[in-house]
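Architecture and fold: a report
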Amino acid sequence: MLRETGIEVMFVIKILLPFLYCILVGTAYSMAFKRKFIDSLAPAFFIQIILMIVSGIVVEKLSVGIMLGVICSSMTIYAKLVREKSFDAIKKVYLNEKGTIEWAVIMFIIMYGVIFILNVGKHYNMWDEFSHWGWFVRESYQNDALFCISEHRFEHKDYVPGVSLFEALWCTLSLKFSEANSYRGIQMLQAAMIMPVACRIEEKKYRNSWDKIVKLIVNLVIVFGIPLFSKVPFYHTIYQDLILGVFVFYCVWIVASEEFSNYSLFVFGLSLCNMIMCKLTAVAFVPVLFLLYTIYHHKYSSKAISRIKIWLGTIIAVVLSIVPYGLYGFYLDKYNIGGSAVQGYSSISLKKIVDVITHNGNIAYQAVVDREYLRALATDGIIGKLSYIWIILGASAIVFLLMLLQDDRENKSKLKLISLWILLVGVYYAIVMYVMYMVMFSEYEATGLASYSRYMSTFVLATLLIVAMVIIRFTVSRARFIPALVAAMLVENIVVLFGANQLLPGVLAGDEIWNEGHIDYLNDSLPTGADLLFVTSVADMEAGRLSFYCPEIQFTCNVYGTQLYDGDVWSKNMSLNEFVDEITNHEYIYLFSYDDSFIDLYKMHLNQTL
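Since we're looking at a predicted model, the values are computed, not measured.

Quick notes on the pattern of salt bridges
- Counted by the stated rule, this structure contains 11 salt bridges.
- Two residues, Lys279 and Asp241, come together in a salt bridge whose shortest N-O distance is 3.4 Å. Of this pair, Lys279 sits in the loop between helix H11 (262-276) and helix H12 (286-300) while Asp241 sits in helix H10 (residues 241-257), and the two are 38 residues apart along the sequence. Neither residue differs from the other here; Lys279 and Asp241 are each classed as buried.
- In this structure, Lys414 engages Glu410 in a salt bridge whose closest nitrogen and oxygen atoms are separated by 3.3 Å. Within this pair, Lys414 and its partner Glu410 are both found in helix H18 (residues 409-440), separated by four residues, close to a single helical turn.

Below is the structure:
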């Protein structure tokens, strides 16, 4: 009985600790900067991530950064209460002018509960979660250090750690590393950036509370329904392509929602910094977001504000936002951690970029990539059958049409700028990704446009969220039906066309650890540090998943046999003698699966050996 009670108490603690953390840092930020609680969560999380990065570099302990965040938040609240000698400062965070709790605070509590329940029993399910993203979180949590210095072998140790550190933080607060907890971490970070636009309804006057509730629900359906259109499961992945799109959107939201001020510069620079520490390709968005911020405030800020201050202040904010990225680069150099031969920082060079731009023939397969990339932009569906080009054109056109409905001249001008920005950045991002394919990917991946829809979904999601922001923030009174219509269309399409099983808890959706029997067998049978040759077929390629769950075993995965199709880069067609030499270099061999040609080529030796 006591044991069961203890388990129940620990379960409650694991639920409450992350919640109390959110309340603590959100309240402290809200009190320090006089912002609403719902607007304070994202920047408070951003500060915590930076503290973890800095402490991971300086003292090589992530827990120091976590404790600093907690201590600074606690001291901020305490100092404010002592100064005012009352609890009025806290009341202002959670209560509106009528003395009732803010609807946005209620929505945060509901969102927290939904995120927790949504991920009960969920497990990793996508390739890169096993090859590196999952490793990043687990190594950061278990070693209390930046994952790049882990002694375990996994891919892309030179990747920036921002979002992975927040996922590790969530595991720490939940007192356990689990795949479900890492999902909760990334989803809470995403929600913190998306909820402010949905909850900004309190600036407007409504006939009654029910009118406000309906509007709030419609807004939430729009902003949280949009990501379900992506082929990457927004609510069931720790891939960072989509959260990068959310970061881009959030930066645009800061531009549109905050008047120019020192605070605006601070939160814009803070957002840029965390965006840069999310993913390598984020750097490409810095110049276009810089231009949007400066042009927007140059045109629409008070005439009393010096335009030189706007441009100079923004330049300083952008430069400071790059500092953690630079520090992390020095830290990687300290431990001599370089990128992989492909899809890594070290594969980028000025010469390669010049080769791409000049089409000088140094990249033999460039013509193939040119043809395939243009075809994909025009015809490959990102949302249903809508290709990238049509999505960007359509989004820009929708904002332009909403601009025509505006009565206010300044709002007309703002929407015209946003429409043009979507169009031009859509073209710019397509060019950036083309260059990335040419300089960072192998010939096999570039000519096949590896993960094309996932990479393009970054800006597609950002664009759709920006359109949602425009619909919610700028819809005129005579067109109030538009948000409700958009929400209804989203619900219909999600249910009918896209399915919503990612919105089900893992225990209901049938989530499980893949090949758990093989995992248990290998962990129980092999000693720590065992050198294992893992033989698999092209159809399976399961070594990445199994190696994640067998971290103390050194996996070498190979496919042996004749090539199964043109462009099969996986199969190693070795002679019998070469195969014998290969397997004798390893302590153990595990025949997970194999093709018929494997038996034909190596049966004789295997019969003698086994």
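Alright, that's what it looks like, and here's the rest.
Side note on the sheet that holds strand E5 (residues 571-572)
- Taking strand neighbours across the sheet as the criterion, the four strands line up as E5-E4-E3-E6 in an open arrangement whose pairing is parallel. In this open sheet, the two edge strands, each paired with only one partner strand, are E5 and strand E6 (588-591).
- Taken together, the two bridges between strand E4 (residues 554-560) and E5 define a ladder with parallel strand orientation. Looking at the pairing, Tyr560 lines up with Lys572 of E5.
- Along the sheet face, helix H25 (residues 576-583) touches strand E3 (531-535), E4, E5 and E6 and points at about 170 degrees away from the line of E4.

What about the packing of H10 against H11?
- One way to put it is that H10 packs onto H11 with a least axis distance of 10 Å and a crossing angle of 170 degrees. One way to sum up the angle between H10 and H11 is to call them roughly antiparallel. Side by side, H10 and H11 meet where Leu244, Phe247, Val248, Tyr250, Cys251, Ile254 and Val255 of the first sit next to Ser264, Val267, Phe268, Ser271, Leu272, Asn274 and Met275 of the second.
- Residues belonging to the contact of H10 with H11 are distributed by class as follows: 11 nonpolar, three polar and no charged.

Re the pairing of E4
- Looking at chain direction, E3 and E4 are connected through five bridges and run parallel. Bridge assignment links Val535 to a residue of E4, and that residue is Asn558.

Some details on the packing of aromatic side chains
- Applying the stated criterion across every chain, the model contains 51 aromatic pairs.
- Seen in terms of ring centroids, Tyr437 and Tyr455 are 6.2 Å apart; in terms of plane orientation they differ by 70 degrees. Their pairing is edge-to-face. Here the residue Tyr437 occupies a position in helix H18, and Tyr455 occupies one in helix H20 (residues 452-474), the gap between them amounting to 18 residues. Judged on exposure class, the residue Tyr437 and its partner Tyr455 are both buried.
- Judged by centre distance (5.8 Å) and plane angle (25 degrees), the ring pair of Phe534 and Tyr590 falls under stacked. In this pair, Phe534 sits in strand E3 while Tyr590 sits in strand E6, placing the two residues 56 residues apart along the sequence. The same class applies to Phe534 and to Tyr590, which are both buried.
- Members of the aromatic cluster, joined through ring pairs, are Tyr124, Phe130, Trp133, Trp135, Phe136, Phe147, Phe154, Tyr159, Tyr183, Phe548 and Tyr549.
- The ring of Tyr263 is capped by Arg35, whose NZ or CZ atom sits 3.9 Å from the centre of that ring.
- One residue, Arg138, lies across the ring of Trp135, its end atom 4.6 Å from the ring centre.

Conventions and cut-offs
- Residues numbered from 1 in each chain as written.
- Predicted model: local features only at pLDDT ≥ 70, side-chain atom pairs only at ≥ 80, totals over all residues.
- Heavy atoms only, no water.
- Salt bridge = Lys/Arg side-chain N within 4 Å of Asp/Glu carboxyl O.
- Helix = DSSP H or I, 4+ residues; strand = E, 2+ residues; numbered from the N terminus.
- Buried < 20%, exposed > 50% of the residue type's maximum accessible area, 1.4 Å probe, protein only.
- Pairing = 2+ DSSP bridges.
- Contact = heavy atoms within 4.5 Å.
- Axes fitted to C-alpha atoms, helices over the stretch in contact; angles between N-to-C directions.
- Parallel < 35°, antiparallel > 145°, perpendicular 65-115°, else oblique.
- Nonpolar A, V, L, I, M, F, W, Y, C, P; charged D, E, K, R; others polar.
- Phe/Tyr/Trp six-rings, centres within 6.5 Å; stacked < 30°, edge-to-face > 60°.
- Lys NZ or Arg CZ within 6 Å of the ring centre and 35° of its normal.

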